[in-house]
Amino acid sequence: MASLIAIRRATFKVTSLHSSHSIFSRNANIKTLSNPNQSHNDQQQYHATHSLQKHNSSDTQSKGLKKTQGFSTITLHNKTEYFYNGNYSHDQSDKISKELQNLLEKMKVLGYVPNVDEKKQRILTSHSERLAVVYGIINTKKKTPISVFKNLRVCADCHDAMKFISEITERKITVTDSYKVHHFQNGECSCDDF
Ligand SMILES: [Zn+2]
Ligand SMILES: [Zn+2]
């Protein structure tokens, strides 16, 4: 019992020392303490501190920070629809998946080679810009141009896929990403491939 009190006192001492330290040196102290009573706030502080530091290892960065989630939007009839990478919660998800598979078969016939192994293929067929474009395809008349916005840069594989989709569906597909505007038509893109 006495030793427990001693530990508590020692912890208290260390904890009070923290307050006199700079925000960055706290970081190291928190790491060495395994006291479960170390409050949640300190954990949050730990992550917040990490996000402030530029010299993190990529390992700790991946634990402390989330990657920006990719999403795409398409506006049809004054209504904007949001699509997120790998998210099938949209109420037309089943239709979209079917059409994506249908397009994928046609794309392969035309020479499309997914830039991934089979396991990852499902992930790539679910990138948000593809979901948004296919939503546009199944909700507009044939050959209607489609315009999609993406918050991140379009990946090379989706860029390739869009070229094929523009050819198969005979549509102009505009994808505005965080980097530039891509106009896909007849199997080509205006950007001369990135
Ligand atoms: Zn992609
Ligand atoms: Zn392009």
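One numbering rule holds for all chains: residues counted from 1, following each sequence as written. Chains and ligands are labelled sequentially in the order written, the chains with letters from A and the ligands with numbers from 1. Only residues with pLDDT of at least 70 are given local features in this predicted model, and only at 80 or more are side-chain atom pairs given and counted; all residues enter the totals for whole chains, interfaces and linings.

## Structural notes on the environment of Asn-85
Inference 1: Following the sequence through the fold, Asn-85 ends up in the loop between strand E2 (79-84) and helix H5 (93-109).
Inference 2: Apart from the residues within four sequence positions on either side, Asn-85 is in contact with Gln-69, Gly-70, Ser-126, His-127 and Ser-128. The secondary structure listing takes helices from DSSP runs of H or I that are at least 4 residues long and strands from runs of E that are at least 2 residues long, numbered from the N terminus. Any two residues are considered in contact once their C-beta atoms, placed from the backbone, lie within 7 Å.

## Comments concerning the nonpolar core
Inference 1: To count as a nonpolar core, a set of buried Ala, Val, Leu, Ile, Met, Phe, Trp, Tyr and Cys residues must be joined through C-beta atoms within 7 Å. Buried, partly exposed and exposed are defined by the number of other C-beta atoms within 10 Å of a residue's own C-beta, namely 20 or more, between the two limits, and 12 or fewer respectively, with C-beta atoms placed from the backbone. Ala-132, Val-133, Tyr-135, Ala-161, Met-162, Ile-165 and Ile-173 are the most contacted members of the largest nonpolar core, which totals 23 residues.
Inference 2: Breaking this core down by element, the ones donating at least two residues are H5, helix H7 (128-138), strand E3 (146-150), helix H8 (156-169) and strand E4 (173-176).
Inference 3: For this core, the element with the most residues is H7, which contributes 6 residues.
Inference 4: In contact with Ile-165, not counting residues within four places along its chain, are Leu-103, Val-133 and Ile-173.

## Describing H8
Note: α-helices contain 3.6 residues per turn, so residues at a spacing of three or four share the same orientation.
Inference 1: In this model H8 runs 20 Å from its N-terminal to its C-terminal C-alpha over 14 residues, within 8% of the 20 Å that 1.5 Å per residue would give.
Inference 2: At the exit of H8 stands Glu-170, carrying a positive phi of roughly 55°. Take the residue count of a helix, subtract one, and multiply by 1.5 Å to get its expected span.

## Quick look at the environment of Ser-166
Inference 1: Checked against the element boundaries, Ser-166 lands in helix H8.
Inference 2: The exposure class of Ser-166 is buried, given the 24 C-beta atoms found within 10 Å.
Inference 3: For the pair Ser-166 and Lys-143, spaced 23 residues apart in sequence, the C-alpha separation works out to 9.3 Å.
Inference 4: Residue contacts for Ser-166: discarding those within four places in its chain leaves Arg-171, Lys-172, Ile-173, Phe-184, Gln-185, Asn-186 and Gly-187.

## Re the sheet that holds E2
In a beta sheet, neighbouring strands pair by backbone hydrogen bonds and run either parallel or antiparallel.
Inference 1: Here, strands pair whenever DSSP counts at least two bridges between them. Taken in spatial order, the 6 strands of this open sheet run E2-E1-E3-E4-E5-E6, and their pairing is mixed. Two strands in the sheet have a free side with no partner beyond their single neighbour: E2 and strand E6 (188-189).
Inference 2: Here E4 pairs with strand E5 (residues 181-185) via 4 bridges, running antiparallel. In the sheet register, Val-175 faces E5, and the bridge partner there is His-182.
Inference 3: The strands touched by H7 within the sheet are strand E1 (71-76), E2, E3 and E4, with E1 carrying the most contacts at an inclination of about 15°.
Inference 4: Its contacts with the sheet place H8 against E4, E5 and E6, and it is angled at close to 40° to E5. To get an axis, a line is fitted to the C-alpha atoms, and for a helix only the part in contact is used. The angle between two axes follows their N-to-C directions and goes from 0 to 180 degrees.

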